[in-house]
Protein chains: 2
Amino acid sequence: MIRVGILGYGNLGRGMESAIRQNPDMEFAALFTRRDPASVKTKTEGVPVYSAQDAAAHKDEIDVLVICGGSATDLPVQTPEYAKYFNVIDSFDTHARIPEHFANVDKAAKESGHVAMISVGWDPGLFSLNRMMAGAILPEGKDYTFWGKGVSQGHSDAIRRIEGVKDGKQYTIPVEAAMEAVRKGENPELTTREKHTRECFVVAEEGADLAKIEKEIKTMPNYFADYDTTVHFISEEELLRDHSGIPHGGVVLRSGKTGFEKENTHIIEYSLKLDSNPEFTSSVIAAYTRAIARLAKEGQSGCKTVFDIAPAYLSPLSGEELRKTLL
Amino acid sequence: MIRVGILGYGNLGRGMESAIRQNPDMEFAALFTRRDPASVKTKTEGVPVYSAQDAAAHKDEIDVLVICGGSATDLPVQTPEYAKYFNVIDSFDTHARIPEHFANVDKAAKESGHVAMISVGWDPGLFSLNRMMAGAILPEGKDYTFWGKGVSQGHSDAIRRIEGVKDGKQYTIPVEAAMEAVRKGENPELTTREKHTRECFVVAEEGADLAKIEKEIKTMPNYFADYDTTVHFISEEELLRDHSGIPHGGVVLRSGKTGFEKENTHIIEYSLKLDSNPEFTSSVIAAYTRAIARLAKEGQSGCKTVFDIAPAYLSPLSGEELRKTLL
């Protein structure tokens, strides 16, 4: 039995709790929270809730601690800190800061003799793995990643910060024609605008200037200005009824050539269609939690990523069963 | 530089030669053949050609030997035999006999202190990896594998054995509606007939009884009887002009549920569209050849499969480069 601790009980933490219930070799051993522990109750019966500050005192009760904080400010501090006491795993997703985060976590984990793993999920995570493997298999080729259709939390937040906006949700949508061109092996050069469109559902405050809101969204630098953006104004009821899910997904494609004259084209495509982004992310984390528990048992230490873990470690089946039933 | 030996110079062996040229850290160090070495010339200049019987004498010239024989009778003998002298890799694809082949190769490789790898390619191989990982991530779900559109060598051979048939080619075609139902999360139960159709292009001998040939194909047990099969009679020129490629591909899908009430559905899809089945298979083998050379350098021994190799071993990039550019 792998005793899993969860730090943080937001969307991802609750997704982890649900994922643990689907894996019979795991148990939800403790929840750590920055809120008052007395104010938090887990869905699962009988799980102790501790203050995040006191986590170190419970290090012997936990095999792997899943850190469910945000990438902007939580994880850069939390993951190296908790790696002093626990085997840890996080879903750090600020691509540009991964080398720095890796170095900090690796140092802490090596010093304390724990196994750590960062940037687990689907992007970074499964998408990274597919980009890497497809590139190693077809060295002469081109990569494409499309995201969506799905909710972008960052873009939804950006809309909600606009004056006169009460609530809003933004969907990132891949351009079907661009994906089709890649699938046909045409190796197109695609601009930002040609790859994705953005669709916004906005609840305005009463009496707000809708034209002004729409213009402010469509011209917002970094977030919307480089995209074809559609804005729909809807009622609060409609937003709740039709847009309260957190779906996402995407496609990683590699188009490559082989043959003495490069006469043959091959397309490798990996795609995800997810009803719940946080629940799928935590399902990926659960499988890698199993891997981390095993690596720790083998006496390994230091920071790992999806590139470093042999796939067999993710499965509850033995090597013999895997070869017999899945190879 | 990884010195790669190739045993066997058929479609797969020639694909390997081509793949080696696309990987700057590999060189085609020697070809081993069961034919008279004097009668075989490689496309690449200056590659020595040796008799397969004398391979052991050249063991110090080769880092990894790629065994490009057939699964029915060649590989069960060759892979354990050559593992006595070399690090070896093969594409053994008789799924039911993998456990037995693994045991034989593992024993030979452990006794001689070499690294061996079996069943490398796309199925078994990349498809196996995706089935396994998707199952570990979504433990409550259902797997589907569709093959094609592509040429089945076994079915083409079966057609050619029929009296009155001069030549022929068979395509396996996945049923689009079945794949769509899976993609929608409908979890259909699919019979053999509902998953694939078969399309045959046949060149008949002059004066042959076409109706009899067509009937014989469509009712052939195991090969065609359980499928909806279409037969087209064409001229030898048409067969050469339109059907001399060896395309293939397929799709691995997993549809799984998450959430406290299993209310969310997720679809993981991995698909390949390949102009040349042997060239893609050898491209996969080339990436794993790099992994085997590295594992051997680390002093490992015994038989591996795609489940046992951490993905980073496939790439020429360092861990640091991978994290920076691909995670």
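Residues numbered from 1 in each chain as written. Chains lettered and ligands numbered in written order. Predicted model: local features only at pLDDT ≥ 70, side-chain atom pairs only at ≥ 80, totals over all residues. Heavy atoms only, no water.

Engineer: Looking at this structure, how should I read the sheet that holds strand β11 (residues 228-233) of chain A?
Structural biologist: Working definition: the strands of a sheet are paired by backbone hydrogen bonds and lie parallel or antiparallel to each other. Residues and elements named next belong to chain A. Here we have four strands laid out as an open sheet, ordered β8-β9-β10-β11, and mixed in their pairing. Looking along the sheet, the strands with just one partner apiece sit at the ends: β8 (150-151) and β11. Sheet topology places β8 next to strand β9 (residues 165-174); two bridges connect them, and they run antiparallel. Residue pairing across strands places G150 opposite T172, the latter belonging to β9. Its contacts with the sheet place helix α5 (residues 153-160) against β8, β9 and β10 (196-204), and it is angled at close to 145° to β9. (Pairing = 2+ DSSP bridges. Helix = DSSP H or I, 4+ residues; strand = E, 2+ residues; numbered from the N terminus. Contact = heavy atoms within 4.5 Å. Axes fitted to C-alpha atoms, helices over the stretch in contact; angles between N-to-C directions.)

Engineer: Can you help me understand the layout of surface pockets in this one?
Structural biologist: Take a probe with the size of a water molecule and roll it over the atoms, and the empty space left behind shows itself. Residue and element names in this part refer to chain B. Looking at the largest pocket, its volume works out to about 1,600 Å³. S71, D93, Q153, G154 and N277 are the residues nearest the centre of the largest pocket, which is lined by 49 residues in total. Elements that contribute at least two residues to the lining of the largest pocket include exactly α1 (11-21), β2 (26-33), α2 (74-82), β7 (141-147), α5 (153-160), α7 (192-195), β10 (196-204) and α10 (277-297). It is α5 that provides the largest number of residues to the lining of the largest pocket, a total of four residues. Taken together, the residues of the lining of the largest pocket sort by class into 16 nonpolar, 23 polar and 10 charged. (1 Å grid on protein atoms, 1.4 Å probe; cavity = no way out; pocket = protein on both sides within 12 Å on 5 of 7 lines; lining within 4 Å. Points joined across faces, edges and corners; volume = space filled by probe spheres on them. Nonpolar A, V, L, I, M, F, W, Y, C, P; charged D, E, K, R; others polar.)

Engineer: Teacher, can you tell me more about the interface of chain A and chain B here?
Structural biologist: Each partner contributes residues to the interface: chain A has 68 residues there, and chain B has 68 residues. When the two sides are added together, the surface that chain A and chain B hide from each other amounts to roughly 6,000 Å², 63% of it contributed by carbon and sulfur. On the chain A side of the interface with chain B, the three residues burying the most area are Q22, F260 and L327 of chain A, jointly 15% of the side's total. Our count for the chain A to chain B interface comes out at zero salt bridges. For the pair chain A and chain B, the number of links is 24 residue pairs in polar contact (both at pLDDT 80 or more). Elements supplying a minimum of two residues to the side of chain A that touches chain B: α1 (11-21), α3 (98-112), α4 (126-137), β12 (248-258), β13 (264-274), α10 (277-297) and α11 (319-325) of chain A. For the side of chain A that touches chain B, the element with the highest residue contribution is β13 of chain A, accounting for 11 residues. The residue makeup of the side of chain A that touches chain B, split by class, is 32 nonpolar, 17 polar and 19 charged. (Buried area = accessible area lost by both parts, 1.4 Å probe. Salt bridge = Lys/Arg side-chain N within 4 Å of Asp/Glu carboxyl O. Polar contact = N/O pair within 3.5 Å; in protein donor to acceptor, adjacent residues only side chain to side chain.)

Engineer: When you look at the pairing of strand β1 (residues 2-7) of chain B in this model, what are you seeing that I'm missing?
Structural biologist: Note on strand geometry: in a regular strand, side chains alternate between the two faces of the sheet. All names here are of chain B. Across the six residues that make up β1, a large majority, five, are buried. Bridge count between β1 and β2: six bridges; the pairing is parallel. Of the residues in β2, the one forming a bridge with R3 is E27. Once the chain exits β1 it traverses α1 before rejoining the sheet at β2, and the crossover so formed is right-handed. Looking at chain direction, β1 and strand β4 (residues 64-67) are connected through four bridges and run parallel. Bridge assignment links I6 to a residue of β4, and that residue is V66. (Buried < 20%, exposed > 50% of the residue type's maximum accessible area, 1.4 Å probe, protein only. Right-handed = clockwise from strand over helix to strand, strands pointing away.)

Engineer: Can you help me understand empty space enclosed by the protein in this one?
Structural biologist: Summed over the entire model, instances satisfying the criterion amount to one cavity of 30 Å³ or more. Surrounding the largest cavity, 18 residues form its lining, N130 and Y270 of chain A together with N130, M133 and Y270 of chain B being those nearest its centre. Secondary-structure elements contributing two or more residues to the lining of the largest cavity are α4 and β13 of chain A together with α4 (126-137), β12 (248-258) and β13 (264-274) of chain B. In terms of residue count, α4 of chain A provides more of the lining of the largest cavity than any other element does, six residues in total. Here the residues of the lining of the largest cavity are counted per class, giving 15 nonpolar, two polar and one charged.

Engineer: Just to check I follow, could you spell out the pattern of salt bridges for this structure?
Structural biologist: Side-chain pairing between opposite charges can occur once the charged atoms of the two side chains come close. Residues and elements named next belong to chain A. The full count for this structure, using the stated rule, is 44 salt bridges over all chains. E216 serves as the salt-bridge partner of K212, at 4.0 Å between the closest nitrogen and oxygen. Here K212 and its partner E216 are both found in helix α8 (residues 210-218), four residues apart, which amounts to about one turn of the helix. Residue classification places K212 among the partly exposed residues on the basis of a relative accessible area of 45%. With relative accessibility at 33%, the residue E216 sits in the partly exposed group. Each of the salt bridges in this network shares a partner with another, and the network as a whole consists of E176, E180, R183 and E269.

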